[in-house]
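# Structural overview for review
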Amino acid sequence: MSRLTSAYEDAVQRARRLSASREKILTGRGDASSLLTRDDVVIYLQWLVCHLHSVLNIHNFLRVLHYIPVSERKSKASQLTVAKDLKETLHPTQHADGVSVPLHTVHLEEFLPELQSLITYFHLSYDTEKISTTADEMELFSMVWREFRTIFRRQEQEKTFPQYDGTDVKASQWGRTSGSMALKKEASWIPFIQVKPKRDPSQQKLVTKLKEKKSVDELLKMHSRFLQVPDLHHVAATLKEHAVHVGDLQSAMNPSVSNSSETQQQNISKIWTRVYNPASLTQETRIHSSRSRDRGGCDKKSSKGQTSGTTHESYSLEDSLQLLGLIDGPDVGTSDPIITRGAYLSLIYLRHLKIRQLQRSSLGMLNYLRSVERTLTFDLAGLQLEEGELCSTAEETGWMNAARGGRGEAGGLGSLQYSHNTPVDYKVHCSEFMEFADVENLHDFYRTEEHFIHTQDQRGFYIMYDAALRDLEELENELLLVGSHFIQRNTMKQTGIAERGSTSTAEPRSRAGTSVDRVAVLLDLWTCETEFLGNKIELLNCYYEAYQHAAGTEERFALARVITDIMHSRPHLDLNQDYFVQAYRDEVCCLQTHQQLIKDVLDNQIEKQRQYLQRIWRSDSIHGYGLPPNYVPKHLASLGGSRHVHPSLCLASAVYHGLVQAHTELCELHRATSVTDRLILRQKLLQLALQSWNSLASPGASYSSQIQKDLFSDVFFEDPILVQNVGISLVRSAEEKNVKQGREKQSDAVETFSKLLELVTIRHRLLESASETAHLAQLYRNVASDLGFDDFHLYMRPLQFEVAEQTVQPEQRPVFITAILEDDSCVDRFTPPHLPLSIQELDENQIGRFSFSSEAAVVHLMNKQSIENLQVTLACQVTQKNALISAVKLACLCYWAEEAEESLHRDEHMNRFESKPGSKTDKSNSSLSKSSARTTTSTKERLMEAFVSIQLEKVGLRDEMLNSFMKKKQAVGGLIKTPSYFMSSRVSRPKTPEPDSGVDCRPDPRTFQCRPQQFLSADGKALFNLWYIPHFSEVLRMFRTMEVSASAAALDHTLQIVSALHDIIYYLVSFSRLGNVDDTCSRRRGQKAAGSHLAADWGGSEGIGAELLEIQRQVDCLSDPSSPESVGRLLQLRRQVVLLQFDAAVRHLIREAFLSSGDMFSYLTVSDNMATALPLLSNINHTDVFSLTLPVPPPLETKACQAQTMYPWRSFITCHGLIPLHVWDIPPIEHCMQLCLSGLSDRSRLQANAAILGVSLLMEDVLTSGREAEPVRLHGNRDDLPHDGKPNEGPKSCLEAEEEEKKKKTTPVSDFTDSSAHRQDPIRVQRVLRGFLLLMKQLQVFKENWALRRVGAETFSTPGLYQQFIKLYRAEIFYPSMRALAQQMGKEREYEVLISGSQSLLNPPGASEVDVKAWQLHRLLESVECDMIRAVQRRINRELTLVVSERTRQDTGLPTELWKKSTVKYSLSPERPQIVESFIQQLVEGSEEADGHVTALQSK
């Protein structure tokens, strides 16, 4: 601890000293390295070496996991194997096969297995195989009755939760001695929860529909209520009567009994009402519920008195004597269940106890999850107690900024950095929240006891949070809905069977559903739910352990997101199945596999880090700043709770997100829509991931032993001390040669270590790129083997440029591999024994010769020329990696596209076959086999065209480089020895006849013209048909006759058009599906077309068609409708507009509509879901955990031009992640849109639809007004300039956007305004709409921030709080800004008359929406600025007060107490925690006392 404290203080001091250097770097003024010392660079060098080493192993696995979908192929055999494995690994149910709804049975041989499992569950010593007579059943029941009384009373005690701060609790020992005596404690952290869970929209929509229908089986609900009855003997008597009537029902079901159907139906409807008596049951349950929540141990006497009275009423001497065997039993014909059905009655009693026990166990697990949520909230929110209330003081993270509508940058609008002198002071202030006084910042701790998890607070009291009790109630209601659905489904199924049968008495029995054993259904529900919760907690604990090791705020927040998602995960139920048990089993199986995977990953990482720490820590390491904390293998005692911290465990969140991404891609490739299909793919993925981890090869295993030694060996260059010694030796040798003093000496030392930093970074990037290349090479070889090609297409024979001869380069090489199948003489069949580095195929003697394995080799690289050569090596390797990614991805997507087309043709053929019943089967089968053979042949030929030969792609470029080198060598007389070229992945294509490009595609209203079946012209300069969808084989042949630069430009324009048009159509279809009653996401294949599932209220097919016609109309209005560049820009702008339109509707109008109507549930649901959904639809940074550890230094923005110039690698990985390219990189538009509204009822969805329509009306008003609209941005900030759908690629794009903005400003307004919006320039129209929507988004973000500062809440929990906000906002922001706007318009008096006596937010007459929102935003900006000024003034006044107090002192001592911070106040309770008491007791029991000393003996 002392070492960590000293390292922290040293870091703070260095940061304060280097603050001035940081400012010089950002401003570009002065020498930034003047304040930098050698120790500063050395500390960072040591940290960087250790950090990059710690991520290698998990990064290697992440790459394998990332490319699992690439190697996926559709195989029915593998799917059947996975489904079979799922069934084999599942646990058996208690009473049935788990596939169908359980039915009543009183036959011993049928319920004997379940009875034996219950006896085993409660640890009863009885063998059910010995039951053969009535006396054996009596003996069993007597034993069960004794245990029933004991367990029932203990369960009642466990359900009693007195108030935590109650007066009775202080006088008693309740909550101190046992976990069964817990106290109810308030969950005060709920309003400060920072992380919102990412839910499954289909499942949330399903549960919402069940809740909206409120279709609960009354008998099932009655049985569930009966579980809460506290009276022991009343419960026993009711269960006894239950057994009697079940026997009567079984007798009534006997076909030999000749009773009328009406009599049976009347008896069945009255039986359970008479048994459970719902009126008295409800009253008794409510009384017990109110008592159990608030009573303490003092209520035991009254409870005993009540029980004794009931005992006297229900006591039977004859039954007791019969149980004891003192008198003979009744006649054979008696109906006493104790005599005739003792085994069945024992089953009923044990079922009742188990369900209650499972409910209490579930409550303990829910309470544990709430406790973990409390820990996350206190850590991430930095809760502080001010004026008796909790408040958050933590810095806004990147995810929070994105959820609030920002770019995903940390330190946004809510940052308080401006109120501190330097960023260092603010960082120190943020890290001090754990030292605030009078805050319960100590975490809970836990105990496990059999099936229960008990939670204790920092004072040692066993507690039960009130939020957990509400969670249990909500869970119970949800389970009742699920169970009722399957009971009703079974009843309808049995009714259909009975209607087709001949037995008349079966019909009323099936319709009434009397054969269903509802107690067994409840038992299955709670058994499955308890097992699901238990496995979920085991998985959560693995990530929670990694969370304890995470060091940075962003890393902890990333893990907190994973933990929150797991915490709120629910089983994916398929309501089309016959029963729910199978779905629960599948989910449990997935959780277990996931838990095993992440546990193995973390264990392996901890073990490797321990070995690494033992290797790098030496005795000569005095302070070891920059090194991770040392690991001591053995501790004799660790009473202080010391532990070893491994910050690299934060990469566990990357594993979780990798699994989620891979599962999403697999579902998209397989087009899996049903719950069962997605679950099978999820289990298959987890099994493949676990197998990949167990068989994970070390990085560099595919390369030669020399490359492994020079590049991949970690013996030397991954040891921070040895790397540091290299720099020190170079500095000393330079000092001996050159006599330099002062700053020059210091500058040379800093430059030397900076070169070492560059070498460390380049080696790490080269190592990871080479590892990824090796894995992609294996995937490439697999693809080649499947298509019938050899491995030599991957390799290129290396040449030595110095001795090579100039080659005659052919005009163009064939691009399609099918063109050289007959004559492959141009292909070199060279296959090396090991995979080479990419640079070695170009030059293996000069540039490709390097080593990091020794000090001499590293010293040889410490010069400018060697570093440039390494950069060229890295560029070549990245190019090789990208080429392999393109080849493998192309083959994968073409395969699945062909598979989808074949599936469509197969379905059409089957439909035609079914429509002709008179056709002969053998002829149909023969025709089907012939068509299948033809399809297989053509399929393979088309897929062979998608194969890319890496050798043919690279050899032409290599020959071009060789010829260029030879020309330069001849020009300078053969003096060139070490060429340095950057190899780019260009593709040369063969010449083919150019298709007809003279088709006139301009619209002519006088004639009808059919559009050509071609997307673009052969030269890519003319757009022929925007709506033509080419086959992937046509896409492969695009622009093959063009030069490389022209082909690249044409492909870029094509991608701009296709990507934008795809997202627009995807949005339109997804929007129409928002109003569907059923879940379209889980629609099974083979059902009706997608258009039939579109709701008319949300546009439907007609709305989609109208929007597409409008797009074509806008294209026709362009100055050049055939220009791909203009059409691409228009569509990209339109894509941004539609997504921003949905963002504005959800973030602003929909939530405001719910608040105005008082629908708080819908408002909170949308607020929670949009936090995870809307950022995925915007251009936020796609960061991962590794980029969080190497961020762009603030205040630079990640996508800013200056950041891309100064920190190109960090900026790139922060924007795009560690692995930027995905197999399925289509944005999840429908998933996000469904998620935003998945928790709404049908009525709320109609309100949401109206709100979205309101945004459209606002946009029409903006276009009608003819005003320019653009978001507010800071002057001189080029990074805020909007781009027309183009990514920010550096300073050039920023300058281009700035020039474009200047042109817009110089254009007169009269050129823009027109009488009709359709006659305007479509590109300018979309720019105006985009600017207006961005302005709306800015206004909403600032409004929420203003609400947080004024009302203290960002989201409103009550309608009263919202009304308070409306009053304040109207008085302070809206009316002042509107008065100023009306004054500028000259309508101040009219506006005053308009708003007099009105409480509504009315705009000035004639004011456009752009002006209304812009003036409000400016007013909010002024308010923010004033608040910032006041905060700074308060800080200055506070410091001035301290200065004045110092000067007015009379004594001569230093006034250190004035500036010293107040000491930490720990709120410790006088009583010690129970864990301490238990430890002391165990310690004293094994000790010896002699001569006044106590000696603890070591246990063997």
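This is a predicted model, so every value here is computed, not measured. Here the residue index of a chain counts from 1 through its sequence in written order. Owing to the predicted nature of the model, reporting of local features is limited to residues with pLDDT of at least 70; listing and counting of side-chain atom pairs is limited to 80 or more, with chain, interface and lining totals taken over all residues. Calculation of side-chain values draws on the structure's entire complement of heavy atoms; hydrogens and water are dropped beforehand.

## Details of the overall build of the protein
Defined as follows: The numbering of helices and of strands both runs from the N terminus, where a helix is a DSSP run of H or I of at least 4 residues and a strand a run of E of at least 2. With a 1.4 Å probe rolled over the protein chains alone, any residue whose accessible area is under 20% of its type maximum counts as buried; one over 50% counts as exposed, and the rest are partly exposed. Residues count as neighbours in contact if any of their non-hydrogen atoms are within 4.5 Å of one another. Surface exposure here means Shrake-Rupley accessible area, sampled with a 1.4 Å probe, where a residue is shielded only by the protein chains that are shown.
Secondary structure summary: the protein contains 50 helices and eight strands in total. Counting the 1500 residues in the protein, one finds 49% classified as buried. The contacts of the protein with a sequence gap of at least 6 include a subset with a gap of at least 24, amounting to 77%. Carbon and sulfur atoms make up 53% of the accessible area of the protein, which amounts to about 73,700 Å² in all.

## Some details on the nonpolar core
Filter applied, for reference: What makes a nonpolar core is a set of buried Ala, Val, Leu, Ile, Met, Phe, Trp, Tyr and Cys residues whose side-chain atoms join them at distances within 4.5 Å.
Formed by 227 residues in total, the largest nonpolar core has its most connected members in Tyr543 and Phe580. If you tally residues by element for this core, the top one is helix 29 (residues 742–787), at 19 residues. Apart from residues no more than four positions distant in its own chain, Tyr543 is found in contact with Leu559, Val562, Ile563, Ile566, His594, Ile598, Ala652 and Tyr656. The next biggest cluster of nonpolar side chains, apart from the first, holds 96 residues, and it includes Ile1057, Val1115, Ala1251 and Ile1373.

## Focus on the packing of helix 17 (residues 342–381) against helix 23 (residues 553–567)
Pairs of packed helices are described in terms of their axes, by the angle between the two and the distance that separates them. Put simply, the rule reads: Only the stretch in contact is used when fitting a helix axis, every axis being a line fitted to C-alpha atoms; angles between N-to-C directions are given from 0 to 180 degrees. Between 65 and 115 degrees an angle is taken as roughly perpendicular, under 35 as roughly parallel, over 145 as roughly antiparallel, and anywhere else as oblique. A clockwise turn of the near helix away from the far one marks a right-handed crossing, whereas an anticlockwise turn of less than a right angle marks a left-handed crossing. For this scheme, ten residues count as nonpolar: Ala, Val, Leu, Ile, Met, Phe, Trp, Tyr, Cys and Pro. Four count as charged, namely Asp, Glu, Lys and Arg, and the remainder, Gly too, count as polar.
With their axes 11 Å apart at the nearest point, helix 17 and helix 23 run at an angle of 155 degrees to one another. Accordingly, the angle class assigned to the pair helix 17 and helix 23 is roughly antiparallel. At the point where helix 17 passes helix 23, the crossing takes the left-handed sense. Together, Leu369, Val372, Glu373, Leu376, Asp379 and Leu380 of helix 17 and Arg556, Phe557, Ala560, Ile563, Thr564 and Met567 of helix 23 make up the contact between the two elements. Counted by class, the contact of helix 17 with helix 23 contains eight nonpolar, one polar and three charged residues.

## A few points about unusual backbone geometry
The backbone of His123 sits at a positive phi, close to 60 degrees, despite the residue not being glycine. Structurally, the position occupied by His123 is in the loop between helix 6 (108–121) and helix 7 (134–158). Phi at Lys214 takes a positive value of approximately 55 degrees, unusual for a residue other than glycine. Its relative accessible area of 68% is what places Lys214 among the exposed residues.

## Quick notes on the pairing of strand 4 (residues 445–449)
Put simply, the rule is: A pair of strands is considered paired only if DSSP assigns at least 2 bridges between the two.
Note: strand 4 against strand 5 (residues 452–456), five bridges, orientation antiparallel. Residue pairing across strands places Arg447 opposite His454, the latter belonging to strand 5. The antiparallel pairing of strand 4 with strand 5 creates a hairpin that spans two residues between the two strands, and Glu450 there sits at a positive phi of about 55 degrees.

## Quick word on the pattern of salt bridges
The test is simple: Take a side-chain nitrogen of Lys or Arg and a carboxyl oxygen of Asp or Glu: if they are within 4 Å of each other, that pair is a salt bridge.
Counted under the stated rule, the structure contains 47 salt bridges. Put simply, Lys209 and Asp1242 hold a salt bridge, and the shortest N to O gap is 2.3 Å. With a gap of 1033 residues between them, Lys209 in helix 9 (residues 201–213) and Asp1242 in helix 43 (residues 1242–1265) connect regions that are remote in the sequence. Salt bridges sharing common partners tie together Arg1349, Arg1350, Glu1372, Asp1427 and Arg1430.

## Some remarks on the pairing of strand 5
Put simply, side chains in a regular strand alternate between the two faces of the sheet. With five of five residues buried, strand 5 is to be regarded as a mostly interior element. Side-chain alternation along strand 5 places Phe452, His454 and Gln456 on one buried face and Ile453 and Thr455 on a second face that is also buried.

## Remarks on the packing of aromatic side chains
Stated precisely, the cut-off is as follows: Aromatic rings from Phe, Tyr and Trp, with only the six-membered ring used for Trp, were paired whenever their centres fell within 6.5 Å, and each pair was classed as stacked if the ring planes differed by under 30 degrees, edge-to-face if by over 60, and tilted otherwise. The rule for a charge over a ring is simple: NZ of Lys or CZ of Arg within 6 Å of the ring centre, and within 35 degrees of the ring normal.
Scanning the entire structure with this criterion turns up 36 aromatic pairs. Here Phe580 and Tyr584 contribute two aromatic rings whose centre-to-centre distance is 6.2 Å and whose plane-to-plane angle is 80 degrees, an arrangement assigned as edge-to-face. Judged on exposure class, the residue Phe580 and its partner Tyr584 are both buried. Site record: aromatic cluster; members linked through ring pairs are Tyr1163, Trp1346, Phe1356, Tyr1362, Phe1365 and Tyr1369. Against the face of Tyr121 rests Lys354, its NZ or CZ located 4.6 Å from the ring centre. Between Arg556 and the ring centre of Tyr547, over which it is positioned, the NZ or CZ distance is 4.4 Å.

## Here we look at the side chain of Gln609
Looking at where Gln609 falls in the secondary structure, it is placed in helix 24 (residues 581–616). Using a relative accessible area of 8% as the deciding quantity, one classes Gln609 as buried. Dropping the residues within four chain positions of it, Gln609 is found in contact with His53, Ser54, His646 and Ser648.

## What about helix 41 (residues 1208–1216)?
Given 3.6 residues per turn, any residue in an α-helix points the same way as the ones three and four places further on. Restricting attention to buried positions, one finds in helix 41 the residues Trp1209, Arg1210, Ser1211, Ile1213, Thr1214 and Cys1215. Just downstream of helix 41, Gly1217 is the residue with a positive phi angle, here 90 degrees.

## Some words on the confidence of the model for the protein
Note the following rule: Every residue gets a pLDDT, meaning the predictor's confidence in that residue, from 0 to 100.
Per-residue pLDDT for the protein has a mean of 77; in total, 73% of the residues score no lower than 70. Contacts from residues 86–96, a stretch scored under 50 in pLDDT, to residues over four places away or in other chains number 26 contacts. Confidence drops under a pLDDT of 50 for residues 295–318, and excluding neighbours within four residues, the segment shows 20 contacts in the predicted structure.

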